[in-house]
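Chain by chain, the residues:
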Amino acid sequence: MEKGNRSRQVLSRIATNDKHGENSPYFHGWNAYERNRFHPTQNPQGVIQMGLAENQLCFDLVEKWIRENPNASICTREGADQFKEIAIFQDYHGIKEFRQVVAKFMEKVRGNRVTFDPDRIVMSGGATGANETFMFCLADPGDAFLVPSPYYPAFDRDLRWRTGVQIIPVDCHSSNGFRLTRAAVEVAYKTAQESNINVKGLILTNPSNPLGTTLDMETLKSLVAFVNEKNIHLVCDEIYSATVFNSPRFISVAEVIQELEHCNRDLIHIIYSLSKDLGFPGFRVGIIYSYNDIVVSCARKMSSFGLVSSQTQHFLTSLLSDEEFVDNFLSKSKKRMAKGHHDFTKGLKQVGISCLKGSNSGLFFWMDLGSLLKEQTFEAELELWRVIVDDVRLNVSPGSSFHGLEPGWFRLCFANMDDQTGEVALERIRTFVLDNGKKGDEGR
Amino acid sequence: MTQRRRSNQNSSPETELQTPETTGATAMRLIVPLQGIVQGRGGLILGSLIPCALFYFLQLYLKRNRSPNPPPRSTSSANLGELPRTSSRSNLSSRGSIGPVQISVRASSIAKPSDSPYYIGLEKAAEDPYDRLDNPNGIIQLGLSENRLCFDLIEKWVSENLTDSIMGREGGELSISGIATYQPFDGMTELKVAMADYMSQVMGRTVLFDPSQLILTAGATPAIEILSFCLADQGNGFLIPTPYYPGFDRDIKYRTGIELIPVHCRSTDNFMLSMTALDQAFNQARKRGIKIRGILLSNPSNPVGNLLSRDMLYGLLDFAREKNIHVICDEIFAGSNYGSEEFLSMAEIVESEEFDRTRVHIIYGLSKDLSLPGFRVGVIYSFNEKVLAAAKKLTRFSSVSAPTQRLLVSMLSNTRFIEEYIETNKKRIREIYHLFVAGLEELGIRCAESSAGLFCWANMSSLIPSYSEKGELELWEQLLNIAKINVTPGSACHCIEPGWFRCCFTTLSQEDISVVMERIRKVAETCKSSC
């Protein structure tokens, strides 16, 4: 029986559905950037990338360290004698010293107010892999996780695509600065229950993406109490923990549970990565940290699908053991972020555009362009977004891709550019706002 | 691709794993019937006697399950012995009656200590590794298909070629942005180009690989999982010839929900796949209501080490076309064929004929042929655009680390080095293979005919106390605990004939072989005298 017809080749549902969510404008804007990349001298009219939260502020510090520490790399004469042992090391527990320095680094970022056990550190394919692995460990297909919105667009893929888990958004509003409240979580939980959806936990990003804000102790405590009451999990994605450049200081869930007497630690889990704080997304270092022994065991077995290259583990062990370097890096990084954030938000304020008040962290800011919308709808927001990408030539991320409720908000990333490019970007936005403001006035 | 060697800094004390779940679930089962008794039906005496008796039996049941010699555990749970036990345990008592924490069904089963001798043996060997000088009574690892024969060549290459540190040279300047920033998740173009050429070289330049059909993943382990997610849904099945690599049970069954349907191969055929058996297995699966979506093959095969012939490859393609299913070829040992038979890639077959290529997919990696398992570099090679598009998105979860990609671009592009490496590697594997197999023959142990891989497939059925899986495992335990060598028993590979063992020999030096043979001889003599 000849069935050589290509079109009848059967693929899986996963391969053919669009639950990966990559058809959203969040990803489309990147294409515009790829086609026409800005360069200060070679392509000054190109699109400036402000849609990718990448931290390139302190590469100079890292480059200097690498030059001064050739034995940290197995790719140098000084380090080559370690090549063999590193190349053959494939234990999914990871290099012990690597886990130890990661634990120490995480402690340092939290002001040494908490301790982390290196044996609870499990590797994953970036935080992307960590997010997914937690879902595989904590929920079955059809189960749901509560996610405060607006949220990181790729959660749609990371949490749902292969796992079959649903996302139930927890609404946050601009009227109270998009602050997450226990009440909002309870509403979302109750609604899910009424629809017979089995909620397995709450996953939140703290510091928040896209808001750039941190949770206070009281809110964190109330959320921990909530999950304990309902016996559901709390997964805290703390990937931006070292990007807090202003007060209030960062409070990790690790700190919270230290203070609480009656907390079931089996419910508490942390996601971390070196992609944002250190600016190493290319290294693919995701960290799963759980207080639940069974989850650690299961996640560790699954880490075979996303282990960190032993070469990378080896390098990072050296880098992060250098306390002087780490302290200097963290402090300079914060200063540069604070400056970038300040310059942009101040420049925007001068033309009447406000950014979310109280934002103290992240590699981006959450900007309110509601006054520029023709009407307060998401269609109008997308229209405005297309103009910004195509005419103003800035790739920014429209709020709708973050599943927020209110149109007009945009996320702009600033930590991936030098001062010169930053100035160009700011100037473009200011010019655009002023031009449109004038048009708006004329119309009235 | 094979199980990991634990860092041997400290051996964990053997502690049992008693999950809060099992305690809670068992308790609930007894409390509910108790209520009926206590609430008056049995009267006061019965109402107090029976609960006491039940409680006593509960304790006895729990105690029996918590045996003094805990069941051997896999690498994963070994670490649990080192974890601070306070957190979850103290909360158990303070938690009250809300019940155990629910994790996923999948996680509960995965987290359990593995009962596969494959993993148990690997862990034990890692805890007490043999070293000729420092630990001459340690366990000799023959259960991990690792190749240490050619590191001298790699070290020489590194010292002569790598001077740039972990950073690349972007436009002549040492720059971190070339490796630290986000890269394409399915691999840098330069590495795809270098990998395509390397694969062609390793397979004897009889086939060309197109870089645009190549996807890079963090090891062959995620490569096979990603491919599975693309080709089949939960509950579907892949046909797989036995014996097969034990890791497939993890790679495919952990999260995809796809079933592996064994197609048994026999020693009379030197464990070569028979089309009749394949057809039978397909029909039987269909009768059971399982939709078969593909065939998963290892070529060269693991654990036997034989090669698929041209006729067989054609036959498989015909079969796949007839049933409209996929063919997945794991060719990870392609460069480790030391025999006289030439390796034939499925890519070569489809290139030369008018086949529907969109059903053919190849898995590769650098863990075996180049001995770089730590670097996590795997390949999906497919002729199917849709599969490539979906797999590319899935590499988001399993990308190759950028510094490693840069290093490999240098290494793989150096064709002269690769040429020397491939030839020397084959030669050294061949030498060790002959010595090892000859050593076994002197002990009356014959091996299946093989010409590739890092292992041999040895027939120890004359030594097992009973011709059964039980007998095989008894011999395996004796070899592990008395002879102190870790080999992989055929049952872990789903072999239908008891008594076969996979022995990996490419981590051994020639001196080590005599030690291994001596140890086996002692056990063999004990077995013969007691049989």
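Quantities reported herein were computed from a predicted structural model and do not represent experimental measurements.

## So, the overall build of chain B
Broken down by element type, chain B carries 19 helices and 15 strands. Looking at chain B residue by residue over its 531 residues, the buried ones come to 60%. Within chain B, contacts between residues at least 6 apart in sequence are counted, and of these 76% link residues at least 24 apart.

## Some details on the overall build of chain A
In terms of helices and strands, chain A carries 15 helices and 13 strands. In terms of overall size, chain A behaves like a compact globule, its C-alpha atoms giving a radius of gyration of 23 Å where 444 residues would be expected to give roughly 22 Å. Principal-axis analysis of the C-alpha atoms places the extent of chain A at approximately 70 × 70 × 60 Å. Within chain A, buried positions represent 65% of all 444 residues. Counted over contacts in chain A with a minimum sequence separation of 6, partners at least 24 positions apart contribute 74%. Accessible surface, chain A: about 16,400 Å² in total, of which carbon and sulfur atoms supply 47%. One way to put it: in chain A the 50 positive side-chain charges average out to a point 2 Å from where the 55 negative ones average out.

## Comments concerning the pattern of salt bridges
Residue and element names in this part refer to chain B. Evaluation of the coordinates by the stated rule reveals 48 salt bridges over all chains. Note that R288 and E259 form a salt bridge whose closest N and O atoms lie 4.0 Å from each other. In this pair, R288 is assigned in the loop between α12 (275-287) and β7 (292-298) and E259 in strand β6 (residues 259-264), connecting sequence segments 29 residues apart. The partner of R446 in a salt bridge is E441, and the shortest N-O contact between them spans 3.8 Å.

## Some words on the sheet that holds strand β2 (residues 121-124) of chain A
Residue and element names in this part refer to chain A. Within the open sheet, the seven strands sit side by side as β2-β8-β7-β6-β5-β3-β4. Their pairing is mixed. Strands at the two margins of the open sheet, each flanked by one partner only, are β2 and β4 (166-171). On average, each strand axis in the sheet is inclined to that of its neighbour by 25 degrees, with strand direction left out of account. Sheet topology note: the strand β7 (residues 268-273)/strand β8 (residues 286-290) ladder contains five bridges and is antiparallel. Its bridge partner being in β8, I271 is matched across the sheet by I288. The sheet contacts of helix α6 (residues 126-138) involve β2, β3 (144-149), β5 (199-205), β6 (233-237), β7 and β8, and relative to β7 the element is tilted by about 160 degrees. Against the sheet, helix α8 (residues 182-194) touches β3, β4 and β5, its axis set at about 140 degrees to β4.

## Focus: the side chain of N384 of chain B
All names here are of chain B. Turning to its location among the elements, N384 is positioned in the loop between β10 (378-382) and α15 (385-394). Taking the relative accessible area as the measure of exposure, N384 reaches 5% and is therefore buried. A distance of 2.9 Å separates the side chain of N384 from the backbone oxygen of T358, its partner in a polar contact. At a separation of 3.0 Å, a polar atom in the side chain of N384 contacts the main-chain amide nitrogen of K386.

## Points about unusual backbone geometry
All names here are of chain A. Looking along the chain, the bond that leaves S149 and enters P150 is cis, with omega of 5 degrees. Relative to the elements of secondary structure, P150 occurs in the loop between β3 and α7 (155-160). Geometrically, the link from S247 to P248 is a cis peptide bond, its omega value of 0 degrees lying close to zero. Turning to its location among the elements, P248 is positioned in the loop between β6 and α10 (253-259). Although it is not a glycine, N231 adopts a positive phi angle of roughly 55 degrees.

## Regarding the packing of aromatic side chains
Per the counting criterion, the structure on display carries 36 aromatic pairs over all chains. Between Y152 of chain A and F155 of chain A, the ring centres sit 5.4 Å apart and the planes meet at 80 degrees, which makes this aromatic pair edge-to-face. Each of the two residues, Y152 of chain A as well as F155 of chain A, counts as buried. The interplanar angle of 85 degrees and the centroid separation of 4.9 Å between the aromatic rings of F209 of chain B and Y381 of chain B together place this pair among those described as edge-to-face. Of this pair, F209 of chain B sits in the loop between α9 (189-202) and β4 (214-217) while Y381 of chain B is found in strand β10, placing the two residues 172 residues apart along the sequence. Taken individually, F209 of chain B and Y381 of chain B each receive the classification buried, so the pair is uniform in this respect. In this structure an aromatic cluster arises from ring pairing among W65, F280, F283, F315, F325 and F329 of chain A. When the ring centre of Y272 of chain A is taken as origin, the NZ or CZ atom of R110 of chain A, which lies over that ring, is 5.9 Å away.

## Notes on the domain arrangement of chain A
Residue and element names in this part refer to chain A. Structurally, chain A comprises domain 1 (3-60 + 331-435) and domain 2 (81-324). Each of domain 1 and domain 2 has a C-alpha centre, and the two are 24 Å apart. In this complex, domain 1 contributes 33 residues to the contact, which on the side of domain 2 involves 37 residues. For the pair domain 1 and domain 2, the summed buried area comes to about 3,200 Å², and 61% of that belongs to carbon and sulfur atoms. Of all residues in domain 1, K19, N360 and H403 give up the largest surface area on contact with domain 2, accounting jointly for 19% of the area buried on that side. Summed over the shared surface of domain 1 and domain 2, the result is one salt bridge.

## Comments concerning the packing of helix α6 (residues 117-127) of chain B against helix α18 (residues 469-481) of chain B
Residue and element names in this part refer to chain B. Interaxial distance between α6 and α18 falls to 11 Å at its minimum, and their mutual angle equals 10 degrees. One element, α6, and the other, α18, form an angle in the roughly parallel class. In contact with P117, I120, G121 and K124 of α6, α18 contributes L473, W476, L480 and N481. Split into classes, the residues belonging to the contact of α6 with α18 amount to five nonpolar, two polar and one charged.

## Structural notes on the pairing of β4 of chain A
All names here are of chain A. In this sheet, β4 lies alongside β3 in parallel orientation, the contact comprising six bridges. Note on β4: the bridge partner recorded for P148 is V170. Between the parallel elements β3 and β4, the chain passes through α7 in a crossover that is right-handed.

## Some remarks on the UniProt feature "domain: Aminotransferase class I/classII large" (unreviewed entry) in chain A
As recorded in UniProt, the feature "domain: Aminotransferase class I/classII large" (unreviewed entry) lies at residues 48-429 of chain A. As annotated, residues 48-429 of chain A comprises 41% helix and 15% strand, and the C-alpha atoms at either end are separated by 11 Å.

## Structural notes on the sheet that holds strand β12 (residues 455-459) of chain B
Residue and element names in this part refer to chain B. Reading across the sheet, the four strands line up as β11-β12-β15-β14 and stay open at both edges, with antiparallel pairing between neighbours. Every interior strand has two partners, whereas the edge strands, β11 (446-447) and β14 (488-489), have only one. Where β14 lies against strand β15 (residues 500-504), two bridges are found, and the strand directions are antiparallel. By the bridge assignment for β15, T488 is matched with R502.

## Considering the interface of chain A and chain B
Taken together, the contact pairs 102 residues of chain A with 108 residues of chain B. Across the chain A/chain B interface, buried area totals approximately 9,200 Å², and carbon plus sulfur atoms make up 58% of it. Among the residues of chain A in contact with chain B, Q90, R162 and F305 of chain A are the three that bury the most area, contributing 10% of the side total. Here chain A is connected to chain B by three salt bridges. Our count for the contact surface shared by chain A and chain B stands at 26 residue pairs in polar contact (both at pLDDT 80 or more). Here the side of chain A that touches chain B takes eight residues from helix α11 (residues 293-302) of chain A, the largest share from any one element. Here the side of chain A that touches chain B is built from residues that sort into 40 nonpolar, 30 polar and 32 charged.

## Structural notes on the nonpolar core
Core analysis: the largest hydrophobic core is formed by 334 residues, its most contacted members being F83 and L146 of chain A together with M195, Y198, L239 and F436 of chain B. Residue contributions to this core peak at ten residues, all from helix α17 (residues 415-442) of chain B. Each of domain 1 (3-60 + 331-435) and domain 2 (81-324) of chain A contributes no fewer than three residues to this core.

## Some thoughts on helix α5 (residues 96-109) of chain A
Residues and elements named next belong to chain A. The terminal C-alpha atoms of α5 lie 20 Å apart, and with 14 residues this matches the ideal 20 Å at 1.5 Å per residue to within 8%. Of the surrounding secondary structure, the elements contacted by the buried residues of α5 are β2, β7, β8, α12 (310-321) and α13 (323-349). Taken from the residues just after α5, G111 is the one with a positive phi, measuring 65 degrees.

## Some points on the environment of D277 of chain A
All names here are of chain A. With respect to the secondary-structure elements, D277 resides in the loop between β7 and β8. For the pair D277 and K334, spaced 57 residues apart in sequence, the C-alpha separation works out to 9.7 Å. In contact with D277, other than residues within four places in its own chain, are N55, I239, Y240, S241, A242, T243, Y272, F329 and S333. In terms of polar contacts, D277 uses its side chain to reach the side chain of S241, at 3.4 Å. Side-chain polar atoms of D277 contact the side chain of Y272, separated by 2.4 Å.

Reading guide: rules and limits
- Residues numbered from 1 in each chain as written.
- Chains lettered and ligands numbered in written order.
- Predicted model: local features only at pLDDT ≥ 70, side-chain atom pairs only at ≥ 80, totals over all residues.
- Heavy atoms only, no water.
- Helix = DSSP H or I, 4+ residues; strand = E, 2+ residues; numbered from the N terminus.
- Buried < 20%, exposed > 50% of the residue type's maximum accessible area, 1.4 Å probe, protein only.
- Contact = heavy atoms within 4.5 Å.
- Rg over C-alpha atoms; globule rule 2.2 N^0.38 Å.
- Areas by Shrake-Rupley, 256 points an atom, 1.4 Å probe, with all protein chains shown as cover.
- Lys, Arg positive; Asp, Glu negative; His and termini not counted.
- Charge placed at Lys NZ, Arg CZ, Asp CG, Glu CD.
- Salt bridge = Lys/Arg side-chain N within 4 Å of Asp/Glu carboxyl O.
- Pairing = 2+ DSSP bridges.
- Axes fitted to C-alpha atoms, helices over the stretch in contact; angles between N-to-C directions.
- Polar contact = N/O pair within 3.5 Å; in protein donor to acceptor, adjacent residues only side chain to side chain.
- Phe/Tyr/Trp six-rings, centres within 6.5 Å; stacked < 30°, edge-to-face > 60°.
- Lys NZ or Arg CZ within 6 Å of the ring centre and 35° of its normal.
- Domains from an automatic or database assignment.
- Buried area = accessible area lost by both parts, 1.4 Å probe.
- Parallel < 35°, antiparallel > 145°, perpendicular 65-115°, else oblique.
- Nonpolar A, V, L, I, M, F, W, Y, C, P; charged D, E, K, R; others polar.
- Right-handed = clockwise from strand over helix to strand, strands pointing away.
- UniProt positions renumbered as here; feature names shortened; annotations may be inferred.
- Core = buried A, V, L, I, M, F, W, Y, C linked by side-chain atoms within 4.5 Å.
- Expected span 1.5 Å × (residues − 1).

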